[in-house]
Amino acid sequence: MGEESRRRLRFGMVGGGRGSLIGDSHRIAARLDDRYELVAGALDLDAERGRAFGVELGVEAARCYPDYRTMIAAEAARPDGVEVVAVVTPNATHVEIAGAFVEAGVDVICEKPLATDLADARRLAALVERHGVVCAVMYGYSGYPMVRQARALVEEGALGTVNIVMTEFAHGHMAVAGERDNPAMAWRVDPAVSGPSYAMADTGTHALHLAKYITGQRLSAVAAELRHVVAGRPLEDDAHVLLRFDGGAGGSLWASAVAAGNRHGLRIRVYGDRAGLEWHQEAPERLTFLPRDAPVQIFEQGGYGIAPLAARPARVFMGHPEGYFEAFANVYRDVAEAVAARRAGTSLDPLAATYPGVADGIAGVAMIDAALRSAAAGGAWTALD
Ligand code: NAD
């Protein structure tokens, strides 16, 4: 890799202010491989809080902006303006903020869900296409090496024809009405900020992305039951969705915030006609491979027999735990390579090219859209638009 493409990218953030749930994960991921330097931000809705936090993080005071519009204008006027920006704000703001940076020619790493409305998601995708920038969507769980190993096994045919996908992201953090005294939780069940879905948008989109990433199949239709378990919530907090994929697989997706006792609850099982596989994010360094007619095999992160796609992101030798931050960082590292390649006009290493992009963002929003239509029709099978 050339020196130009190895230098640190000038990185900005919108949202992810002090005490936010996911801002630190982005900053840690951006630093882990030394491919980004945080140089600007509009970190908080409260401009003064955002400025103070930015300065604490080492950003020049003059580049801690009161809002994203001021940031775009000021950064565009500098020869050393931001090259890539992370949009780490609540759902309903993603398209507007990401779109404005895309129009300014800045590469974007956007939080999920990409949009709260399918037409908006497509509008953003069209902008990305027109401006030719990178737009990644932060499905960070696809950065786990063993998720990548699962994809490699499917790709090399080890499972045979993939017939069944069971995917779930069901936690219990909102099993009671905790949103009453927690603003970061309150917006998640407020349709004006979260969009028309809570469980599907917050966790279901991650579960779908894992399925898509591992199997390569795209969702074509759903039959959904969207439940409101905690009384008074305007958005669903528990979702059970039957799935049909374009490659012939069927299965189900469970997204929940009310499965009390479940810790994080992200897991996926995929079955073909030759073998199956299971991965659980709470034991992320192991992938269980289940051949139809041979003993069970466990693949280990950084261990033997790992495909190049999964070996590449492992930073340490097997037996040394790597986890959540490293998975996030693996996506950040791939995006750094994509941005550097775009800016240098060079081609991207195919092993770096599996990071989630705008099409993956649209896939999540399209699933939510179809699930809402299905639920409104009493759970009828509903094709994705
Ligand atoms: P949060 O409420 O904890 O924090 C949001 C932050 O954004 C706050 O600092 C707030 O001041 C700031 N903010 C809000 N509007 C802003 C604006 N217009 N300009 C600048 N700053 C603004 O929310 P969170 O839990 O960190 O979630 C943020 C986003 O990240 C959501 O879309 C959520 O779905 C997503 N998320 C993704 C993951 C993941 O694993 N990829 C995990 C958690 C959250």
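Residues numbered from 1 in each chain as written. Predicted model: local features only at pLDDT ≥ 70, side-chain atom pairs only at ≥ 80, totals over all residues. Heavy atoms only, no water.

Below, the discussion takes up the domain arrangement of the protein. Entries for the protein in the domain assignment read domain 1 (3-141 + 334-354) and domain 2 (142-317 + 362-383). Distance between the C-alpha centres of domain 1 and domain 2: 25 Å. Facing the 26 residues of domain 1 at the interface are 33 residues of domain 2. Summed over both sides, the interface between domain 1 and domain 2 buries roughly 2,400 Å², with carbon and sulfur atoms accounting for 60% of that surface. Together, Tyr139, Tyr141 and Thr354 form the three largest contributors to the area buried by domain 1 at its contact with domain 2, with a combined 35%. Remark: the boundary between domain 1 and domain 2 carries 6 salt bridges. Counting across the domain 1 and domain 2 interface gives 14 residue pairs in polar contact (both at pLDDT 80 or more). Among the secondary structure elements, those contributing two or more residues to the side of domain 1 that touches domain 2 are helix 6 (118-131) and helix 12 (324-344). (Domains from an automatic or database assignment. Contact = heavy atoms within 4.5 Å. Buried area = accessible area lost by both parts, 1.4 Å probe. Salt bridge = Lys/Arg side-chain N within 4 Å of Asp/Glu carboxyl O. Polar contact = N/O pair within 3.5 Å; in protein donor to acceptor, adjacent residues only side chain to side chain. Helix = DSSP H or I, 4+ residues; strand = E, 2+ residues; numbered from the N terminus.)

What follows covers the sheet that holds strand 9 (residues 250-256). The strand order 13-12-11-10-6-9-8-7-14 describes an open sheet built from 9 strands, whose pairing is mixed. Sheet topology places strand 13 (297-300) and strand 14 (382-383) at the edges, where each strand pairs with a single neighbour. As paired strands, strand 8 (residues 238-245) and strand 9 are joined by 7 bridges and run antiparallel to one another. Along strand 9, the bridge assignment pairs Asp238 with Ser256. Contacts from helix 7 (residues 145-155) reach strand 6 (162-170), strand 11 (275-280), strand 12 (286-291) and strand 13 within the one sheet, and its direction differs from that of strand 12 by about 25 degrees. In this fold helix 10 (residues 199-215) packs onto strand 6, strand 7 (219-227), strand 8, strand 9, strand 10 (266-272) and strand 11, with an angle of close to 145 degrees to the strand it touches most, strand 9. (Pairing = 2+ DSSP bridges. Axes fitted to C-alpha atoms, helices over the stretch in contact; angles between N-to-C directions.)

Another point: the site of the ligand. What surrounds the ligand is a group of 26 residues, the closest being Leu21, Asn91, Met138, Trp187 and Arg188. The side chain of Trp187 places a nitrogen or oxygen atom 2.8 Å from an oxygen atom of the ligand. The fraction of the free accessible surface of the ligand (850 Å²) that becomes covered by protein chains is 89%. Mapped onto the shell around the ligand, the elements with two or more residues apiece are strand 1 (9-15) and helix 10. Here the shell around the ligand gathers at least three residues from each of two domains, domain 1 (3-141 + 334-354) and domain 2 (142-317 + 362-383). (Near = heavy atom within 4 Å. Areas by Shrake-Rupley, 256 points an atom, 1.4 Å probe, with all protein chains shown as cover.)

The tally for this structure, following the rule as stated, stands at 0 disulfides. Cys110 carries a free sulfur, and the closest cysteine sulfur to it, the one in Cys135, is 5.9 Å from it. (Disulfide = S-S within 2.5 Å.)

Listed as buried for helix 2 (residues 23-32) are Gly23, Ser25, His26, Arg27, Ala29 and Ala30. On its buried face, helix 2 is in contact with strand 1, strand 2 (36-42), helix 3 (47-56), strand 3 (84-88) and helix 12. (Buried < 20%, exposed > 50% of the residue type's maximum accessible area, 1.4 Å probe, protein only.)

Right, let's talk about the pairing of strand 1 for a bit. Burial of strand 1 is extensive: 6 of the 7 residues sit out of reach of the surface. With 6 bridges joining them, strand 1 and strand 2 adopt parallel strand pairing. From the neighbouring strand, Phe11 faces strand 2, where its bridge partner is Leu38. Handedness of the crossover joining strand 1 and strand 2 through helix 2: right-handed. (Right-handed = clockwise from strand over helix to strand, strands pointing away.)

Our next topic: the packing of aromatic side chains. Applying the stated criterion across every chain, the model contains 9 aromatic pairs. Between the aromatic rings of Phe11 and Tyr332, the centroid separation amounts to 5.9 Å while the plane-to-plane angle is 90 degrees, which identifies the pairing as edge-to-face. One end of the pair, Phe11, is in strand 1; the other, Tyr332, is in helix 12, with 321 residues separating them in the sequence. Classification of Phe11 by relative accessible area gives buried; the value is 1%. Taken together, a centroid distance of 5.1 Å and an interplanar angle of 70 degrees make the contact between Tyr36 and Tyr332 edge-to-face. Here the residue Tyr36 occupies a position in strand 2, and Tyr332 occupies one in helix 12, the gap between them amounting to 296 residues. Judged by relative accessible area, which is 5%, Tyr36 ranks as buried. Sitting above the plane of the Tyr213 ring, Arg151 keeps its charged end 4.5 Å from the centroid. Just above the ring of Trp381 sits the side chain of Arg244; from NZ or CZ to the centre is 3.7 Å. (Phe/Tyr/Trp six-rings, centres within 6.5 Å; stacked < 30°, edge-to-face > 60°. Lys NZ or Arg CZ within 6 Å of the ring centre and 35° of its normal.)

So, on to the pairing of strand 9. Note that strand 6 and strand 9 share 7 bridges and pair parallel. Bridge pairing links Thr167 to Leu253 in strand 9.

Overall, the predicted model of the protein reaches an average pLDDT of 96, with 99% of residues at or above 70. Across the protein, the element-wise mean pLDDT spans from 60 in helix 1 (residues 3-6) up to 99 in strand 10. (pLDDT = per-residue confidence, 0-100.)

Below, the discussion takes up the nonpolar core. One finds Leu159, Met200, Leu253 and Trp279 to be the most contacted residues of the largest nonpolar core, which totals 50 residues. By residue number, the principal contributor to this core is helix 10, which donates 9 residues. Among all residues touching Leu159, those that are not within four sequence positions of it are Leu153, Val154, Val270, Gly272, Asp273, Arg274, Ala275, Gly276, Leu277 and Phe289. Counting residues in hydrophobic clusters, the runner-up holds 36 residues, among them Ala42, Val82, Phe101 and Ile362. (Core = buried A, V, L, I, M, F, W, Y, C linked by side-chain atoms within 4.5 Å.)

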